[in-house]
Amino acid sequence: MAGKKFEAASKKVDSTKKYSVEEAFKLVVDAAPAKFDESIDVALRLGIDPKQSDQQVRGAIALPHGLGKEVKVVVFAKGPKEAEAKAAGADFVGADDLVAKIQGGWLDFDKCIATPDMMATVSKVAKILGPRGLMPNPKIGTVTMNVGEAVTAEKKGKLDFRVDKAGIVHAGIGKKSMGDAKLRDNFMTLLGAIVKAKPASSKGIYLKTIAVASTMGPGIKIEPNAAASAAGLN
């Protein structure tokens, strides 16, 4: 049945065509075949050499419409900062007790924040958090003294993005139920951040290919130049 649904969805998409941003996001919502609320993911292949340390592309942005889901946040903090994190809506705040909980196999959270003085404590579970992309990092604002602001941003749907070894940025930008207009706004915000993060040493075409797809749906190609123009980046 799943195969038949995907086949039917694929017939709605011209695999040889590169669509405008508006067309692509209307189509990705329309062609999402599953009954559940599918995630919408984008993949942007960049004209960089990710093996070079000066050509890394990464960052963190607050999406205008969030991620369309509840984001569970844990915070490593003590004293006044623990209270600040709880007041901002953190789902769990702790120190050594949080380490023990994670070492015991608990990973029911999406984001992890820590104050700088707690990083020695966090390092005890680095081998657990790191491979899952949960390790706090000052470059993306998850190691900070402003824990209240950080928790609020994560709860609203802050997106961390990073180029992989193949030079591709993969990112989930929301859920099908959000509708094409909100998903398009989120994509444009991500695209602007990626263009802004272009390494000075990167030469030639920067945005090589862009595609969007739902969890169970077909990939839809987007014309990179048209996308950049629509975002006012050309």
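Up top you'll find the structure we're talking about.
These numbers come from a predicted model, not from an experiment.

**Things to note about the nonpolar core**
Inference 1: Grouped together as the largest cluster of nonpolar side chains are 50 residues, with contacts concentrated most on F25, L44, V75, F187 and L190.
Inference 2: Those residues in contact with V75, other than ones at most four positions away along the chain, are A85, A90, F92, V93, G94, L98, I113, V147 and V151.

**Here we look at the packing of aromatic side chains**
Inference 1: Per the counting criterion, the structure on display carries 3 aromatic pairs.
Inference 2: A ring pair is formed by F25 and F187, whose centres lie 5.3 Å apart and whose planes are at 40 degrees; its orientation type is tilted. Residue F25 is found in helix α2 (residues 21-30), and its partner F187 is found in helix α8 (residues 180-196); the two are separated by 162 residues along the sequence.
Inference 3: According to the relative accessible area criterion, F187 is buried, its value standing at 0%.
Inference 4: Their ring planes at 55 degrees and their centres at 5.6 Å tell us that F92 and W106 sit as a pair that is tilted. Remark: W106 occurs in the loop between α4 (96-103) and β5 (111-114) and F92 occurs in strand β4 (residues 92-94); sequence separation between them is 14 residues.
Inference 5: By relative accessible area, which is 25% here, F92 ends up partly exposed.
Inference 6: For W106, a relative accessible area of 22% gives the class partly exposed.
Inference 7: Taken together, the aromatic side chains of F92, W106 and F109 make up a single cluster linked through ring pairs.
Inference 8: The positively charged end of K101 is found above the aromatic ring belonging to W106, 4.7 Å away from the centroid.

**A short note on the sheet that holds strand β3 (residues 73-76)**
Backbone-to-backbone hydrogen bonds join strands into a sheet, with any given pair of strands oriented parallel or antiparallel.
Inference 1: A sheet is described by the order of its strands in space; here 3 strands give the open sequence β4-β3-β5, paired in parallel fashion. Each edge of the open sheet carries a strand with a single partner, namely β4 and β5. The mean inter-strand angle of the sheet, taken between neighbouring strand axes irrespective of direction, is 15 degrees.
Inference 2: Relative to β5, β3 runs parallel, the two being bridged by 4 bridges. Paired with V75 across the strands is I113, a residue of β5.
Inference 3: Taken strand by strand, α4 contacts β3 and β4, and its axis lies near 120 degrees from that of β4.

**Overview of the sheet that holds strand β9 (residues 220-222)**
Inference 1: In space, the 4 strands of this open sheet follow the order β7-β1-β8-β9, with antiparallel pairing throughout. The two strands at the open ends of the sheet, each matched to only one other strand, are β7 (168-175) and β9. Ignoring strand direction, the axes of neighbouring strands in this sheet form an average angle of 25 degrees.
Inference 2: Relative to β9, strand β8 (residues 207-214) runs antiparallel, the two sharing 3 bridges. Bridge pairing in β9 places A211 opposite K221.
Inference 3: The sheet contacts of α2 involve β1 (39-46), β7, β8 and β9, and relative to β9 the element is tilted by about 165 degrees.

**Here's the deal with the layout of surface pockets**
Inference 1: Here the largest pocket defines a volume of roughly 800 Å³.
Inference 2: Lining the largest pocket are 30 residues, with K111, R132, G133, D160 and F161 positioned closest to its centre.
Inference 3: Mapped by element, the contributors of at least two residues to the lining of the largest pocket are β1, β5, β6 (158-162) and β7.
Inference 4: Among the elements that line the lining of the largest pocket, the one with the most residues is β7, at 6 residues.
Inference 5: Partitioning the lining of the largest pocket into residue classes produces 12 nonpolar, 8 polar and 10 charged.

**A word on the packing of α2 against α8**
Inference 1: Taken N-terminus to C-terminus, the directions of α2 and α8 make an angle of 130 degrees; their axes are 9 Å apart at the nearest point. It follows from the interaxial angle that α2 and α8 lie oblique. Remark: the crossing between α2 and α8 carries right-handed chirality. Residues V21, E22, F25, K26 and V29 of α2 pack against D180, L183, R184, F187 and M188 of α8.
Inference 2: Considering only residue class, the contact of α2 with α8 consists of 6 nonpolar, no polar and 4 charged.

**Observations regarding the side chain of Q55**
Inference 1: Examined against the element boundaries, Q55 turns out to sit in the loop between β1 and β2 (58-62).
Inference 2: Since its relative accessible area comes to 10%, Q55 is described here as buried.
Inference 3: Side-chain polar atoms of Q55 contact the backbone nitrogen of D49, separated by 2.8 Å.
Inference 4: Setting aside its immediate chain neighbours within four residues, Q55 contacts I48, D49, P50, P199, S201 and S202.

Thresholds applied
Residues numbered from 1 in each chain as written. Predicted model: local features only at pLDDT ≥ 70, side-chain atom pairs only at ≥ 80, totals over all residues. Heavy atoms only, no water. Core = buried A, V, L, I, M, F, W, Y, C linked by side-chain atoms within 4.5 Å. Buried < 20%, exposed > 50% of the residue type's maximum accessible area, 1.4 Å probe, protein only. Contact = heavy atoms within 4.5 Å. Phe/Tyr/Trp six-rings, centres within 6.5 Å; stacked < 30°, edge-to-face > 60°. Helix = DSSP H or I, 4+ residues; strand = E, 2+ residues; numbered from the N terminus. Lys NZ or Arg CZ within 6 Å of the ring centre and 35° of its normal. Pairing = 2+ DSSP bridges. Axes fitted to C-alpha atoms, helices over the stretch in contact; angles between N-to-C directions. 1 Å grid on protein atoms, 1.4 Å probe; cavity = no way out; pocket = protein on both sides within 12 Å on 5 of 7 lines; lining within 4 Å. Points joined across faces, edges and corners; volume = space filled by probe spheres on them. Nonpolar A, V, L, I, M, F, W, Y, C, P; charged D, E, K, R; others polar. Parallel < 35°, antiparallel > 145°, perpendicular 65-115°, else oblique. Left-handed = near helix turned anticlockwise from the far one by under 90°. Polar contact = N/O pair within 3.5 Å; in protein donor to acceptor, adjacent residues only side chain to side chain.

Geometric values such as these leave the question of function open.
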